[in-house]
Amino acid sequence: MSETPAAETIRIVQLYPRELGVTGDRGNVRALETRLQRAGHDVEVLHAGIGDPTPESPDAIVIGNGPLSAMRIVADDLRARRDELARALQDDVPVLAVGGGAELLSAGVTLLDGEVLDGLGLLPFRVERTRERRVGYIIAETADGPLIGFEDHASTWRLDDGAQPYGTVRAGKGSFPHAGGTGEAVRAGSAFATNVQGPVLPLNPRFADAILSMVVDRRGLHYATGDAHAALDELAAGARAAIEKNVDGEVFTYMQV
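Residues numbered from 1 in each chain as written. Predicted model: local features only at pLDDT ≥ 70, side-chain atom pairs only at ≥ 80, totals over all residues. Heavy atoms only, no water.

Undergrad: Help me out: how do you make sense of the overall build of the protein in this one?
TA: Scanning the protein from N- to C-terminus turns up seven helices and 13 strands. Taken over C-alpha atoms, the radius of gyration comes to 17 Å for the protein, in line with the 18 Å a tight globule of 257 residues would show. Seen along its three principal axes, the alpha-carbon backbone of the protein occupies a region of about 50 × 40 × 30 Å. The buried share among the 257 residues of the protein stands at 51%. Considering only residue pairs separated by 6 or more positions, the protein has 69% of its internal contacts joining residues 24 or more positions apart. (Helix = DSSP H or I, 4+ residues; strand = E, 2+ residues; numbered from the N terminus. Rg over C-alpha atoms; globule rule 2.2 N^0.38 Å. Buried < 20%, exposed > 50% of the residue type's maximum accessible area, 1.4 Å probe, protein only. Contact = heavy atoms within 4.5 Å.)

Undergrad: Help me understand the pattern of salt bridges, please; the structure alone is not making it clear to me.
TA: A side chain of one charge can pair with a side chain of the opposite charge if their charged atoms are brought near each other. A complete count under the given rule lists 15 salt bridges for this structure. Arginine 11 serves as the salt-bridge partner of glutamate 44, at 3.0 Å between the closest nitrogen and oxygen. Of this pair, glutamate 44 sits in strand β2 (residues 43-48) while arginine 11 sits in strand β1 (residues 10-15), and the two are 33 residues apart along the sequence. Note that arginine 158 and glutamate 128 form a salt bridge whose closest N and O atoms lie 3.4 Å from each other. Of this pair, arginine 158 sits in strand β8 (residues 145-159) while glutamate 128 sits in strand β7 (residues 125-142), placing them 30 residues apart in sequence. Looking at arginine 158, the relative accessible area reads 37%, which means it is partly exposed. Here glutamate 128 falls in the partly exposed class, since its relative accessible area comes to 34%. Members of the salt-bridge network, linked through shared partners, are Arg26, Arg30 and Glu33. (Salt bridge = Lys/Arg side-chain N within 4 Å of Asp/Glu carboxyl O.)

Undergrad: Can you walk me through the UniProt feature "domain: CobB/CobQ-like glutamine amidotransferase" (unreviewed entry) in the protein in this structure?
TA: According to UniProt, the positions carrying the feature "domain: CobB/CobQ-like glutamine amidotransferase" (unreviewed entry) are residues 15-198. Within the segment residues 15-198, helix and strand shares are 23% and 42% respectively, and the terminal C-alpha atoms sit 18 Å apart. (UniProt positions renumbered as here; feature names shortened; annotations may be inferred.)

Undergrad: Explain the UniProt feature "binding site: substrate" (unreviewed entry) in the protein to me, please; I cannot follow it from the model alone.
TA: Here the UniProt-annotated "binding site: substrate" (unreviewed entry) positions come out as Arg133. Along the chain, arginine 133 turns up in strand β7. Its relative accessible area of 29% is what places arginine 133 among the partly exposed residues. Of note is the side chain of arginine 133, whose polar atom sits 2.6 Å from the side chain of aspartate 152. (Polar contact = N/O pair within 3.5 Å; in protein donor to acceptor, adjacent residues only side chain to side chain.)

Now the structure itself:
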């Protein structure tokens, strides 16, 4: 375990940035870090790779996306951290898990040949890999506004009873059946799992702020956006508008793999 941080420092931990960081996942960490700093908070970002100790007292944990080969590489090391991750979730530490990282935290992944890659069982869904790759822009309606980004995955998530779909897909394919259509992103306590890339948080400031509100509330601190966030939000709004404008003409596809 690493040294305990100063009382007012907010700690963001990214797991396996080398192996599970192929879709801009460092951008998700940077978004959390920058928005906290512009709200006046001290922030420390730590990385834990294979064989590294899990940093103590995390205030947020990010685990990113990677191909099946990378998932296999980190799987045993991640399983060794299961108790620490379970305690973090029990303590309401916010966790953002994207793509392959989210699937490793699930109950398990059934591969095309029938092999099952066991997950940690910390998130309430199971994964079925498919031959149809879902590629394109995605927009899902959530309580925190439209969740916008890019999806590129070949899997269907099967949610357990009691799992909370975070978004209902308006454009794109999504990750799981939901409400007669499809859903995207799952919330389980303080954890969010999604296949939205982009990276997702810089494109979706309200989603980032929803996570950060959980971070600071848990610490008894205060988080509020202001003028310092305006430029970030303006850039995000421009990118989101461009995606929404193009969605009507976008052909969302399944690609055979």
